[in-house]
Amino acid sequence: MSDSKKIKKLSENLKRVKPLFEKEDAVIRSSFKKTLIATDIHGDFAALEFILEFAEMKNVDSYIFLGDYIDKGQRSVDVLNTLFELKCKLPTNTILLRGNHETRELSTWLEFSEDLAYHPKTLDDANSVFESMPIAAVLNDKIFCVHGCISGNKEETLDDISKKNTMKYLWNDPGAENGLSPSVRGSGIYSVGPDVVENFLEKNNLKVIIRGHTSHTCGTKRWFDGKLISLYSMIHYDSPEIRAAVAIAKEDEIKFYYFRKTASGFEWEDKKKKLKLK
Ligand SMILES: [Mn+2]
């Protein structure tokens, strides 16, 4: 398909998904048997195809993507088209959360805006769709999924999360220090410490936070005794050392699967990691 056809398709898909996102709350509560969780696809369409094939092979019944669909990679438009079509096909079983790249601040000057350089209306429509996307998902009453992290407000409950005041959920990171620490990412952004995460999980009766946003050369990073897992599903540059990861969540466990990029394409590793949700 030519670039202009893909962009035309995107503008059609934006019209189709917008009412679906508008109907969704800022925090979606869902129960599924087997859910693929992936994040930070960042325009890597080949990786997305590889991940979706894997999900199909594993017979998942649902999908949660933690945002950052666009920029960095070459094929943001294809990534959005594929995920928006999945959303239209399986609207309640496909959850597409918003990432910090799905904001006017980033999407209007990075790679995605270059893809749409001659289509300012489509870029504007895409941003208005991004603004209607959900911020977090609670899976099986246990797993809190979000792009960045929690806000760090002490008394925060799930009802405090809205589609209007999203910056902290899209941008924050976990950090080793208790409380909130200023972030190198910029002002108004924080690293959220173990005491804050534990308090949030306990107060909201949840087991674990799964978040994306930070690239890890090994695909995942386990924080706070397994109470928060940082996941990353994109390989930024070719190196046999780099791993990306996706998760498959079931009622009582989350399994993490790792892949790498070789000269002939992506390959799954034998190694897996498991997090029990007892
Ligand atoms: Mn991000």
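Residues numbered from 1 in each chain as written. Predicted model: local features only at pLDDT ≥ 70, side-chain atom pairs only at ≥ 80, totals over all residues. Heavy atoms only, no water.

Peer 1: Where do I start with a negative patch on the surface in this structure?
Peer 2: Taken together, the side chains of D195, E198, E202 and D225 present a region of like negative charge at the surface. Overall, D195 belongs to the partly exposed group, its relative accessible area being 36%. (Patch = residues over 30% accessible without salt bridge, like charges linked within 9 Å, V, L, I, M, F, W, Y side chains within 5 Å. Areas by Shrake-Rupley, 256 points an atom, 1.4 Å probe, with all protein chains shown as cover. Salt bridge = Lys/Arg side-chain N within 4 Å of Asp/Glu carboxyl O. Lys, Arg positive; Asp, Glu negative; His and termini not counted. Charge placed at Lys NZ, Arg CZ, Asp CG, Glu CD. Buried < 20%, exposed > 50% of the residue type's maximum accessible area, 1.4 Å probe, protein only.)

Peer 1: How should the packing of helix α2 (residues 45–57) against helix α3 (residues 76–89) be read in this particular structure?
Peer 2: For any two helices packed against each other, the geometry comes down to the angle between their axes and how far apart the axes lie. Contact pair α2 / α3: the axes reach a minimum separation of 9 Å and the direction vectors enclose 30°. Between α2 and α3, the crossing angle belongs to the class labelled roughly parallel. The handedness of the crossing between α2 and α3 is left-handed. For the pair formed by α2 and α3, the contact residues are F45, L48 and L52 on the first element and D78, V79, T82, L83 and L86 on the second. Here the contact of α2 with α3 is composed, by residue class, of six nonpolar, one polar and one charged. (Axes fitted to C-alpha atoms, helices over the stretch in contact; angles between N-to-C directions. Helix = DSSP H or I, 4+ residues; strand = E, 2+ residues; numbered from the N terminus. Parallel < 35°, antiparallel > 145°, perpendicular 65-115°, else oblique. Left-handed = near helix turned anticlockwise from the far one by under 90°. Contact = heavy atoms within 4.5 Å. Nonpolar A, V, L, I, M, F, W, Y, C, P; charged D, E, K, R; others polar.)

Peer 1: Could you clarify how one ought to interpret the coordination of the manganese ion in this entry?
Peer 2: The manganese ion binds to the protein through D68 (OD), N100 (OD1), H147 (NE2) and H213 (ND1); the donor distances cover 2.1 to 2.3 Å. Spacing between the donor residues of the manganese ion along their common chain follows D-x31-N-x46-H-x65-H. Taken as a pair, D68 in the loop between β3 (62–65) and α3 and H213 in the loop between β10 (208–211) and β11 (220–223) lie far apart in primary sequence, 145 residues in all. This pair shows no difference in class: D68 is buried, exactly as H213 is. (Donors = N, O, S within 2.8 Å, 3.2 Å for Na, K, Ca; no water.)

Peer 1: Would you mind going over the side chain of H147 with me for this structure?
Peer 2: Structurally, H147 can be placed in the loop between β6 (143–146) and α7 (167–171). Side-chain polar atoms of H147 contact the backbone oxygen of L66, separated by 2.7 Å. (Polar contact = N/O pair within 3.5 Å; in protein donor to acceptor, adjacent residues only side chain to side chain.)

Peer 1: Even after reading the chapter, I still don't get the nonpolar core, so can you show me in this structure?
Peer 2: Most often, soluble globular proteins keep nonpolar side chains buried together rather than apart. Residues L36, F65, Y69, F84 and F112 are the most contacted members of the largest nonpolar core, which totals 45 residues. Residue assignment for this core shows that the elements contributing at least two residues are α1 (3–23), β2 (35–38), α2, β3, α3, α6 (120–131), β13 (244–249) and β14 (253–262). The element that contributes the greatest number of residues to this core is α2, accounting for eight residues. Counting 23 residues, the second-largest nonpolar core is a separate cluster that includes L66, I143, A249 and L277. (Core = buried A, V, L, I, M, F, W, Y, C linked by side-chain atoms within 4.5 Å.)

Peer 1: I'm lost on the sheet that holds strand β9 (residues 186–192) in this one. Help?
Peer 2: The strands making up a sheet are joined through hydrogen bonds of the backbone, oriented either antiparallel or parallel. One open sheet accounts for three strands, arranged β7-β9-β8; its pairing is mixed. Either end of the sheet is taken by a strand with one partner, and the two such strands are β7 (173–174) and β8 (180–183). (Pairing = 2+ DSSP bridges.)

Peer 1: Sorry, what's going on with the packing of α1 against α3 here?
Peer 2: Between α1 and α3, the shortest axis-to-axis distance is 9 Å and the interhelical angle comes to 40°. Regarding the angle of α1 to α3, the classification is oblique. Handedness of the α1/α3 crossing: left-handed. Between α1 and α3, the residues in contact are K6, I7, K9, L10, N13, L14, R16, V17, L20 and F21 and V77, D78, L80, N81, F84, E85, K87 and C88, respectively. Each residue belonging to the contact of α1 with α3 can be placed in one class, and the counts come to ten nonpolar, two polar and six charged.

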